[in-house]
Amino acid sequence: MHEKLRNLMRKGAPDPRAIEKFIEEESFPMVAGPDVTFVYRGEADEVYLRHWIFGLRTAQPLQRLAGTELWAVTIELPAESRIEYKYEVIKDGNRSLEMDTLNPFLARDPFGANSVCRGYRYQRPEWTLHDPKSRHGQFSRMTVDSARFGGPREVDIYLPARYRDSRRYPLLIVHDGHDYLHYSDLRIVLDNLIHRLEIPPMIVALTTSPDRLVEYAGDERHADFICKELLPQLLSELPISDEPQSRALMGASFGAVATLHAAWRNPGCFDRLLLQSGSFAFSDIGDHNRSAAFDPVVQFVNKFRENPGQPARKIYMSCGVYESLIYENRSMVPLLQAHDMQVRYEEVRDAHNWENWRDRLRLGISWLFPGPLWMVYE
Amino acid sequence: MTAQNQTSGLVALLGPQSQTASVAMAVNALGVEGNLGVITAGWRDAEGDTGALVDHLGSEVTDLAVYDRVEKIFALDRELFRAHRKRQDVLKQLQRLYRVRLRAGADACYRLMKRSEDADLVRSQLRAAISQLRALDRFHARQIAKVHSEFEDEVTLAERPAVRDHRAELADLLGKLGAVLIAGGHVAVLASRLRLLGMRELLAGHPLIGWSAGAMVMTDRLVLFHDRAPQGRREPELMDVGLARAPRLVALPAASQRLDLAQKDHLALMARRFAPASCLALDENDWIAWSNERLLATRGARRIRRSGSLAEVHAVA
């Protein structure tokens, strides 16, 4: 337990004013090096810390501090960790998942939001925050009339600040583009990295799927949509550099599967891939032990592992060590390297979430497309 | 700071101008007279966008349109353009190969700097390792010079009509100017365009005031550096030769921002590797000026010592 919390309880149950003062003065969770104390305040029968750290018990019970409405548990969290969590509160036989009202840091995702615990030495990268000096890119929308999907697909296009038709730009196509925008601050990141010359000005196409668990799971229609419908239209309508090394495809989770699958089925289409926390489930023998949504993924990854070919020449991969997918991602690296692909692989103390993927964008995109920083002295 | 109204052979090197512009201060302090010309080729297709500079100076400037002139030359003379691209490709390959040896050589130096064996033994090994790095830089500089020289001979650069016409126009323009400002920007583009137009000869004797990349190209060795790039630090690389108007200098614009000044080993190696040239840190507001190799004025500029510490610039003179 954190020392300050111990001091508060030293002489028994403190009076409500002392608790109020304590809550006002401290920040929560209470981080003291690797020891992190989570504190819940409220009337309950049981309280659990629910987190998404693969390898730890999913629900860790909090202990009530005698005579108070305070509950606490201390866990050990290595340096630079960042985890998302909620409290599971059981009261009068009812269970509810609650965010930590004492903690202002939230991470949003398509399913809602979680509280964020920033372990010691974790700092949100400053390049993920709005910088008034960075000029904004602009968005436009493109409709792709997809024969593969039998209908139109909307794609949002990011055009960098100072965009000019007369220039030629690298292209990055992003799976789950809107989620990257909303939950990983992709626009801010692009604006900042371009402004800082860490990546070149680029055109970014943001795709979204109405049924990602199917279309991103090694679906041939999707691979063809990306390479035979979307890419040609982008090349014909926008000033994109001709050579494949100026084209990258990226995605996270199932989006990373879709990325690898599309590039694998269409070698030479994309020279560069950015794969975050790829759901690269496979089986060496027998069945996999994941949900049915993974069936086509496992089929594809098994085929890929048998015959990787060379879907791209330069690949950035990242995975959180608190993810269940860490084993699959680690396994992918030597396979790619053995087939003459240049791989930069990064592991971090984070889990399967959009802020993990946000925090990796600088290293990933600048690895695939280094900016002119080295050459420019303003 | 000292200043004299002596502009013959004047060369002034300034740090970045992004936050506070000090060009006007340098122009006034150095007593530059006559119309000002400006080279903004480092801005590439934003060349000539000099509104903020004109506002800052409070007077018009003549844009020498160096970038645009080369674009026009290339549009007219496709053979020259192709030869130029080929040369650039060769230079890029050279740079990659040089980098392989540089990384290994520098790594050996850093390892030796950390050894704790007999100090005399380590010192002599380190001296030899640095000497190898210096030899590598000299070799690389010769290779670059050879590529340039072969290109210029092969295409008979000075005799090509489009090049000749623009050089003549520039000579005419320069004759009417009191001094030329060289802005920062993309240093490779700037250096390449200046070279193609023969600006080293055309600018000879003209007072020059350059900032950031513009300061780098006034030296004889262009050294690229950045300790804080997303992919991590790279050892400073010799990239090209400059106008050589400020010889025996390595200009390091925005040094506090780009270099990790706490890494004394890195700084010490840089100072020793490029000696007898002085590695000169030029931050925002810093400037230094010479006339005929005599130090005229300085403000804020610091040089890197062999120990890796920074010293006031008056020690450079």
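Residues numbered from 1 in each chain as written. Chains lettered and ligands numbered in written order. Predicted model: local features only at pLDDT ≥ 70, side-chain atom pairs only at ≥ 80, totals over all residues. Heavy atoms only, no water.

**Section: the side chain of A:Asn103**
All names here are of chain A.
Link 1 in the chain: Relative to the elements of secondary structure, Asn103 occurs in the loop between β8 (94-98) and β9 (106-109).
Link 2 in the chain: Overall, the relative accessible area of 3% leaves Asn103 in the buried class.
Link 3 in the chain: At a separation of 2.9 Å, a polar atom in the side chain of Asn103 contacts the main-chain amide nitrogen of Phe105.
Link 4 in the chain: Within the structure, the side chain of Asn103 is placed 2.7 Å from the backbone oxygen of Val116, a separation counted as a polar contact.
Link 5 in the chain: Other than its neighbours up to four places away in sequence, Asn103 contacts Phe28, Pro29, Tyr85, Ser115 and Val116. (Helix = DSSP H or I, 4+ residues; strand = E, 2+ residues; numbered from the N terminus. Buried < 20%, exposed > 50% of the residue type's maximum accessible area, 1.4 Å probe, protein only. Polar contact = N/O pair within 3.5 Å; in protein donor to acceptor, adjacent residues only side chain to side chain. Contact = heavy atoms within 4.5 Å.)

**What to know about the packing of helix α3 (residues 66-76) of chain B against helix α4 (residues 78-113) of chain B**
Residue and element names in this part refer to chain B.
Link 1 in the chain: The contact between α3 and α4 brings their axes to 5 Å, and the two run at 115°. The angle between α3 and α4 places the two elements in the roughly perpendicular class. Contact residues: Ile73, Phe74, Ala75 and Leu76 in α3; Arg78, Leu80, Phe81 and His84 in α4.
Link 2 in the chain: For the contact of α3 with α4, the per-class residue count stands at 6 nonpolar, 1 polar and 1 charged. (Axes fitted to C-alpha atoms, helices over the stretch in contact; angles between N-to-C directions. Parallel < 35°, antiparallel > 145°, perpendicular 65-115°, else oblique. Nonpolar A, V, L, I, M, F, W, Y, C, P; charged D, E, K, R; others polar.)

**A few points about the pattern of salt bridges**
Residues and elements named next belong to chain A.
Link 1 in the chain: Inspection of the entire model under this criterion finds 51 salt bridges over all chains.
Link 2 in the chain: Residue Arg41 is joined to Glu20 by a salt bridge in which the shortest nitrogen-to-oxygen separation is 2.8 Å. Placement of the pair is Arg41 in strand β2 (residues 35-41) and Glu20 in helix α2 (residues 16-25), with a sequence separation of 21 residues.
Link 3 in the chain: Where Arg360 meets Glu346, a salt bridge forms, and the shortest distance between an N and an O atom there is 3.4 Å. (Salt bridge = Lys/Arg side-chain N within 4 Å of Asp/Glu carboxyl O.)

**Quick look at the packing of aromatic side chains**
Link 1 in the chain: In total, this model carries 17 aromatic pairs over all chains according to the counting rule given.
Link 2 in the chain: Both rings, one in A:Trp264 and one in A:Phe304, keep their centres 6.1 Å apart while their planes meet at 75°; by these two values the pair is edge-to-face. Of this pair, A:Trp264 sits in helix α7 (residues 254-265) while A:Phe304 sits in helix α8 (residues 295-306); the two residues are 40 residues apart in sequence, bridging distant segments of the chain.
Link 3 in the chain: The class for A:Phe304 is buried, based on a relative accessible area of 0%.
Link 4 in the chain: Cluster of aromatic residues (ring-pair linked, three or more members): A:Phe38, A:Tyr40, A:Tyr85 and A:Tyr87.
Link 5 in the chain: The ring centre of B:Phe151 lies 3.9 Å from the NZ or CZ of B:Arg87, which sits over that ring.
Link 6 in the chain: Over the ring of A:Tyr377 we find B:Arg258, and its NZ or CZ is 3.8 Å from the ring centre. (Phe/Tyr/Trp six-rings, centres within 6.5 Å; stacked < 30°, edge-to-face > 60°. Lys NZ or Arg CZ within 6 Å of the ring centre and 35° of its normal.)

**Here we look at the interface of chain A and chain B**
It is common to report an interface's size as the accessible area lost on association of the parts.
Link 1 in the chain: Contacts between the two partners involve 15 residues from chain A, matched on the other side by 29 residues from chain B.
Link 2 in the chain: Taking both sides of the interface into account, the surface hidden between chain A and chain B amounts to around 1,800 Å²; carbon and sulfur atoms contribute 55%.
Link 3 in the chain: For the chain A face of the interface with chain B, the top three residues by lost area are A:Trp374, A:Met375 and A:Tyr377, together amounting to 48%.
Link 4 in the chain: One salt bridge connects B:Asp45 with A:Arg167, and the closest N-O pair in it is separated by 2.6 Å.
Link 5 in the chain: Between the two partners, chain A and chain B, sit 13 residue pairs in polar contact (both at pLDDT 80 or more). (Buried area = accessible area lost by both parts, 1.4 Å probe.)

**With respect to the domain arrangement of chain A**
Residues and elements named next belong to chain A.
Link 1 in the chain: With domains assigned, chain A is organised as domain 1 (3-123) and domain 2 (127-374).
Link 2 in the chain: In this structure, domain 1 and domain 2 have C-alpha centres spaced 35 Å apart.
Link 3 in the chain: On the side of domain 2, 14 residues touch domain 1, which itself brings 18 residues to the contact.
Link 4 in the chain: Here domain 1 meets domain 2 over a buried area of about 1,200 Å², counting both sides, of which 49% is carbon and sulfur.
Link 5 in the chain: Remark: the boundary between domain 1 and domain 2 carries 2 salt bridges.
Link 6 in the chain: A salt bridge links Asp350 to Arg82; the shortest N-O distance between them is 2.9 Å.
Link 7 in the chain: Our count for the contact surface shared by domain 1 and domain 2 stands at 9 residue pairs in polar contact (both at pLDDT 80 or more).
Link 8 in the chain: Elements with a contribution of two residues or more to the side of domain 1 that touches domain 2: β7 (82-91) and β9. (Domains from an automatic or database assignment.)

**Let's talk about the pairing of β7(A)**
Residue and element names in this part refer to chain A.
Link 1 in the chain: With 9 of its 10 residues buried, β7 lies for the most part within the structure.
Link 2 in the chain: Inspection of the sheet shows strand β3 (residues 46-51) paired to β7 by 6 bridges, in the antiparallel sense. The residue of β7 that forms the bridge with His51 is Tyr85.
Link 3 in the chain: Inspection of the sheet shows β7 paired to strand β10 (residues 112-118) by 4 bridges, in the antiparallel sense. Each bridged residue has a counterpart across the sheet, and for Tyr85 the counterpart in β10 is Ser115.
Link 4 in the chain: Turn length for the β7-β8 hairpin, with the two strands adjacent in sequence and antiparallel, is 2 residues, and the turn residue Asp92 shows positive phi of about 50°. (Pairing = 2+ DSSP bridges.)

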